[in-house]
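# Observations on the model geometry
Next come the chains, spelled out residue by residue.
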Amino acid sequence: AAESDRQRFIEESFICEHLDHPNVIRVFEKGEVGNTLYYTMEYFDGRTLQEILQKGHPAVPVALLLARVLFEIFHDIHGRGVIHRDVKPGNIMLGKAAVFSRTGGGRVTARSLRANVKILDFGLARFLDSRTLTQTGSFVGSLQYMAPELMKGTRGRTPECDFYSLGVILYEMLAGRLPYAGQEFWEIVFAIARAEIPAPDALNPEISPAVSAFVLELVRPDPARRLTDYERIIAGLDAFLTPEQPA
């Protein structure tokens with residue numbers, strides 16, 4: 001493997017060990033056999049959020065509750081000095097015991113969801129004080145979920161970029177599509193530059209105007225105008241949840 005891939009593999013295993021978080025896939029052992037690096041990880045029986053969303057978006061209350069749980073988890077991860085930088089549905093797993101249906105059947109609580117979430121793939125993660133980040137101008141992560149400021153280089157390497165990605169995920173869960181239309185790189189870049197984001201309630205009539213406005217605050221392209229404060233995000237989500245849902 002290229003030296004950069006080798007270094008990324010080593011750093012990922014080290015970061016997962018450092019985190020030792022119940023919602024992060026654990027690394028048990030790592031080493032090298034010949035020229036092949038390896039590490040062993042815990043087995044987690046579930047599906048990625050990407051696989052779940054391919055079958056349809058969840059009920060609005062369930063989407064809001066899962067978003068709350070994810071913001072809590074990533075706030076904890078940031079508190080341990082790590083930013084993920086590649087937050088997307090494919091890197092979030094939900095255990096089979098999680099109640100996550102379109103109809104919202106069954107009693108869904110923050111506690112039940114939190115106990116069944118695992119965050120994957122820390123290959124692009126970095127410590128907040130790291131000086132060995134990807135070179136300026138390099139594009140990492142998945143473009144649709146990447147904070148626009150990350151495209152500009154080192155300015156965007158902050159915990160708030162993970163929060164932006166979570167905002168995009170919430171938008172996708174509610175609206176049934178991503179904020180920016182386009183399949184090609186430049187189509188998405190131009191859409192981001194024009195800040196062309198359809199309101200979620202225009203795409204899903206089950207979404208209230210208040211929820212729609214809140215989600216749009218999370219995905220504003222300009223970080224200076226975006227809602228990034230953790231306490232305000234949690235308070236905003238709690239305002240839309242029934243009293244028995246938050247844990």
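This report concerns the structure included in the present document. (Residues numbered from 1 in each chain as written. Predicted model: local features only at pLDDT ≥ 70, side-chain atom pairs only at ≥ 80, totals over all residues. Heavy atoms only, no water.)

### Considering the packing of aromatic side chains
The cut-off we apply is this: Only the six-membered ring of Trp is used, alongside the rings of Phe and Tyr, when aromatic pairs are assigned; centres must lie within 6.5 Å, and planes under 30 degrees apart are stacked while those over 60 apart are edge-to-face, with the rest tilted. In DSSP terms, a helix is any run of H or I states spanning at least four residues, a strand is any run of E spanning at least two, and both are numbered starting from the N terminus. The classification of residues rests on relative accessible area computed with a 1.4 Å probe and restricted to protein chains. Under 20% of the type maximum is buried, over 50% is exposed, and intermediate values are partly exposed.
Applying the stated criterion to the full structure yields three aromatic pairs. Centroid distance Phe-214 to Phe-240: 5.7 Å. Interplanar angle 65°. Geometry classified as edge-to-face. One end of the pair, Phe-214, is in helix H8 (residues 209-218); the other, Phe-240, is in helix H9 (residues 230-240), with 26 residues separating them in the sequence. With a relative accessible area of 7%, Phe-214 lands in the buried category. Taking relative accessible area as the criterion, Phe-240 reaches 28% and is therefore assigned partly exposed. Aromatic rings pair up to connect Phe-71, Phe-163 and Tyr-230 into one cluster.

### Topic: the nonpolar core
One recurring pattern in soluble globular proteins: nonpolar side chains tend to sit buried together. Our working rule: For this analysis, a nonpolar core means a set of buried residues of the types Ala, Val, Leu, Ile, Met, Phe, Trp, Tyr and Cys, connected via side-chain atoms within 4.5 Å.
Counting residues in each nonpolar core, the largest one holds 62 residues, and the members touching the most others are Phe-71, Val-117, Leu-170 and Leu-174. Sorting elements by how many residues they give to this core places helix H3 (residues 60-79) first, with 13 residues.

### Regarding H9
Applied cut-off: Note that the arc is defined by the directions from the helix axis to the C-beta atoms. In what follows, a contact means two residues having at least one pair of non-hydrogen atoms within 4.5 Å. Here a polar contact is taken to be a pair of N or O atoms separated by no more than 3.5 Å, where protein atoms must pair a possible hydrogen donor with a possible acceptor and residues adjacent in sequence count only if both atoms sit in side chains.
Buried residues of H9: Tyr-230, Ile-233, Ile-234, Gly-236 and Leu-237, and no others. Seen from one end, H9 has its buried residues packed into an arc of 160°, which puts them on one side. Exposed side of H9, more than 90 degrees from the buried face: Glu-231, Arg-232 and Ala-239 are the residues found there. Buried residues belonging to H9 abut H3, helix H5 (159-175) and H8. If you check the start of H9, you find a side-chain oxygen 3.3 Å away from the backbone N of Glu-231, and it comes from Asp-229.

### Considerations on the pattern of salt bridges
Rules: Put simply, a salt bridge is a Lys or Arg side-chain nitrogen that is within 4 Å of an Asp or Glu carboxyl oxygen.
Across all of its chains, the model carries five salt bridges by this definition. The closest approach of N and O atoms between Asp-238 and Arg-68, which form a salt bridge, is 2.4 Å. You can see Asp-238 sitting in helix H9 and its partner Arg-68 sitting in helix H3, a full 170 residues away along the chain. Judged by its relative accessible area of 27%, Asp-238 falls in the partly exposed class. Residue Arg-68 is classed as buried on the basis of its relative accessible area of 7%. Between Arg-114 and Glu-72 there is a salt bridge, with its nearest N and O atoms 2.5 Å apart. With a gap of 42 residues between them, Arg-114 in helix H4 (residues 110-114) and Glu-72 in helix H3 connect regions that are remote in the sequence. Residues joined by salt bridges that share partners form a network here, namely Arg-68, Glu-72, Arg-114 and Asp-238.

The quantities given are spatial measurements derived from coordinates; they are silent on function.
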